[in-house]
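Summary of structural features
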Amino acid sequence: MKATVKLFAGARELAGQEQIEVELPAEATVAQLRAALLADYPALGPLLPHALFAINGDYATDQSDIPDSAEIACIPPVSGG
Amino acid sequence: MKATVKLFAGARELAGQEQIEVELPAEATVAQLRAALLADYPALGPLLPHALFAINGDYATDQSDIPDSAEIACIPPVSGG
Amino acid sequence: MPELTQQPLDTAPLLSSAQSPQAGAVVLFLGVTRQQTDGRETIELHYDAYEKMAIKELTALETEARQRWQLVECTIVHRLGCVPLGEASVAIVTASPHRHAAFAAGEWLIDTLKERVPIWKKEHWADGTTEWVHPKGMKK
Amino acid sequence: MPELTQQPLDTAPLLSSAQSPQAGAVVLFLGVTRQQTDGRETIELHYDAYEKMAIKELTALETEARQRWQLVECTIVHRLGCVPLGEASVAIVTASPHRHAAFAAGEWLIDTLKERVPIWKKEHWADGTTEWVHPKGMKK
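Rules and cut-offs
- Residues numbered from 1 in each chain as written.
- Chains lettered and ligands numbered in written order.
- Predicted model: local features only at pLDDT ≥ 70, side-chain atom pairs only at ≥ 80, totals over all residues.
- Heavy atoms only, no water.
- Pairing = 2+ DSSP bridges.
- Helix = DSSP H or I, 4+ residues; strand = E, 2+ residues; numbered from the N terminus.
- Axes fitted to C-alpha atoms, helices over the stretch in contact; angles between N-to-C directions.
- Contact = heavy atoms within 4.5 Å.
- Buried area = accessible area lost by both parts, 1.4 Å probe.
- Salt bridge = Lys/Arg side-chain N within 4 Å of Asp/Glu carboxyl O.
- Nonpolar A, V, L, I, M, F, W, Y, C, P; charged D, E, K, R; others polar.

**So, the sheet that holds strand 2 (residues 19–23) of chain A**
Note: strands within a sheet are paired through backbone hydrogen bonds, in either parallel or antiparallel orientation. Residues and elements named next belong to chain A. Spatial strand order, 2-1-5-3-4: five strands in an open sheet with mixed pairing. Each edge of the open sheet carries a strand with a single partner, namely strand 2 and strand 4 (58–60). Strand-to-strand twist of the sheet, defined as the mean angle between neighbouring strand axes without regard to direction, takes the value 35 degrees. As defined by bridge partners, strand 3 (residues 52–55) adjoins strand 4 across three bridges and the pair is classed as antiparallel.

What follows is the structure in structure tokens.
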């Protein structure tokens, strides 16, 4: 499946885009997503190991499955407040 | 010496006056002041054991001496805030 | 500099003087007249003070807080006279480069004010009675 | 209910809605743009958010704070976009019958917001460079 990943802050700056697309196997996990992003977008390399992912607005773990047409977001370490 | 003692809050209410006078020996301490007030103003009985005294605007202990013409205040337990 | 006032407390100037480029954090505490106390109903509170000494003690509190924590602002304002339900009797503003100091100093200031500063409140209960509040076990 | 806004934060309505006869204590925390950070000089900060999720996480924080402490009010407002020196990026107001809860909840809310809520700041340094802030060691 093709997954669209929203980017924010430093990740958006590194990629030069607000969102990116990546091809994933069916029933992929977040760990597989992270690996695919690292392969396809090496510019994200400095941030990806520290980033979390959110699926449909909730934090996911590396073991979380990615449902079809989920809203996926890459969440680099936050700094609000 | 004759000492004038300012009263506040419940002490003022119990005595019915904003300040009271009491006769003290020369070089009296706060402990002597407390005893003299208890004898001359029995209405203050419920509060005096819990009250502190201030001399010239600073908290005193029972051992503190009372200088001539000091400003003396009876400070019942405080409840600001 | 602390202040005693008969007027309703105005927090806007307190906050704007605390918000400076040196302050990463500003904490404002307001003590508010509460309706229920241990199951009894309050209509309003009246505050009285030994004003000259209260200012002296409040100034000492501000000085001590600035010694204990790194503060760029520290101000206490206490209202005297009648304070109706839901209105503030005391405002304490603290500002610090890092936030923990502003929280810790604010809480220490109100805790210590309640132990040391010669200000008293009189409860006006809903049943028509009044009562000066003199907590037992006052610390020296 | 939390709020994200591009406008300067207005504390007056936050404070007045928190001051009720049920609240003995109101605590307002403001996070302010500081000029000096580790010896470097900031000109201004810019905040960005994953807005939909930020609102969800801020709402969860308010709910969790109300479960942990007895609060009669609990509101978080975060500013986005440019926040100049000395202006507030975040306002958190907590109100409780007794003061310790309002202080503890306020401090927990800002600490936890900084760990969990998808909002980011970009430093605009005095030397003309900019830098998104991504603290290492982020907790899950």
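Moving on, there is more to tell.
**Looking at the interface of chain C and chain D**
With 33 residues of chain C at the contact, the number on the chain D side is 33 residues. When residues of chain C are sorted by the area they lose upon contact with chain D, Arg 34, Arg 99 and Phe 103 of chain C head the list and together hold 24% of the total. Here Arg 99 of chain D and Asp 111 of chain C are joined by a salt bridge, their closest N and O atoms 2.7 Å apart. Those elements that provide at least two residues to the side of chain C that touches chain D are helix 1 (11–18), strand 2 (25–32) and helix 3 (99–116) of chain C. Classifying every residue of the side of chain C that touches chain D gives 15 nonpolar, 12 polar and six charged. Sheet analysis places strand 2 of chain C next to strand 2 (residues 25–32) of chain D, joined by seven bridges and oriented antiparallel. If you follow Ala 25 of chain C over to strand 2 of chain D, its bridge partner there is Gly 31 of chain D.

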